[in-house]
Amino acid sequence: QVQLVESGGGLVQPGGSLRLSCAASGSIFTIFDMEWYRQAPGKQRELLAGITNGGSTNYADSVKGRFTISRDNSKNTVYLQMNDLKAEDTAVYHCNADIVRRTSRIRNHYWGQGTQVTVSS
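Below is a short write-up of the structure. Quick caveat: nothing in here was measured; it's all calculated off a predicted structure.

The subject of this paragraph is the nonpolar core. Of all hydrophobic cores here, the largest spans 31 residues; its most connected members are Trp36, Leu80, Met82, Tyr93 and Ile99. Counting only elements with at least two residues in this core, the list comes to β1 (2-7), β3 (18-26), β4 (28-39), β5 (46-51), β7 (67-72), β8 (77-82), β9 (91-101) and β11 (115-119).

Turning to the state of the cysteines, a few remarks are in order. Structurally, a disulfide amounts to a covalent bond that connects the sulfur atoms of two cysteines. All chains considered together, the criterion is met by one disulfide. Covalent S-S linkage joins Cys22 and Cys95, the inter-sulfur distance amounting to 1.8 Å. Residues Cys22 and Cys95 are joined through a disulfide that is right-handed, its torsion about the S-S bond being 45 degrees. One end of the pair, Cys22, is in strand β3; the other, Cys95, is in strand β9, and 73 residues separate them in sequence.

Another aspect to go through is the pattern of salt bridges. Scanning all chains against the criterion turns up five salt bridges. With a closest N to O distance of 2.8 Å, Arg38 and Asp89 form a salt bridge. Highlighted residues: Arg38 in strand β4 and Asp89 in the loop between β8 and β9, separated in sequence by 51 residues. Here the two residues Arg38 and Asp89 agree in accessibility, since each one is buried. Members of the salt-bridge network, linked through shared partners, are Arg38, Glu46, Arg66 and Asp89.

Here we come to unusual backbone geometry. Most peptide bonds take the trans configuration, and most residues that are not glycine carry a negative phi. One non-glycine residue, Asn76, lies in positive phi territory at about 50 degrees. With respect to the element layout, Asn76 can be found in the loop between β7 and β8. You can call Asn76 partly exposed: its relative accessible area is 27%. Its identity is not glycine, yet Asp84 carries a phi of approximately 50 degrees, on the positive side. Its location among the elements puts Asp84 in the loop between β8 and β9. Classification of Asp84 by relative accessible area gives partly exposed; the value is 37%.

Parameters at a glance
- Residues numbered from 1 in each chain as written.
- Predicted model: local features only at pLDDT ≥ 70, side-chain atom pairs only at ≥ 80, totals over all residues.
- Heavy atoms only, no water.
- Core = buried A, V, L, I, M, F, W, Y, C linked by side-chain atoms within 4.5 Å.
- Buried < 20%, exposed > 50% of the residue type's maximum accessible area, 1.4 Å probe, protein only.
- Helix = DSSP H or I, 4+ residues; strand = E, 2+ residues; numbered from the N terminus.
- Disulfide = S-S within 2.5 Å.
- Salt bridge = Lys/Arg side-chain N within 4 Å of Asp/Glu carboxyl O.

Right, here's the structure in full:
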């Protein structure tokens, strides 16, 4: 079984910063692309940032210049550094990873349960 667990969320004032982590564990052969999403109440899930196994990154316009995605392959972990946070960043943040298990040669998408980020004064 493969699991993704997010951490690092919390309450922060506008203009503040947080760093989210998402650690993958289980019977993992290879992790390919890793991504961060968020979903606020009443809104659909939004793709924020992605990083390939080669280190190439992409960002949504809403977070470009403020958020940075990175990964540590030795720890099977992806990070999201969030700076200059705004009230509209309030949401549950989820990570997603494309993973090949040791028992399979097929890529599957795995999701974490999410971590809450609240930005308010």
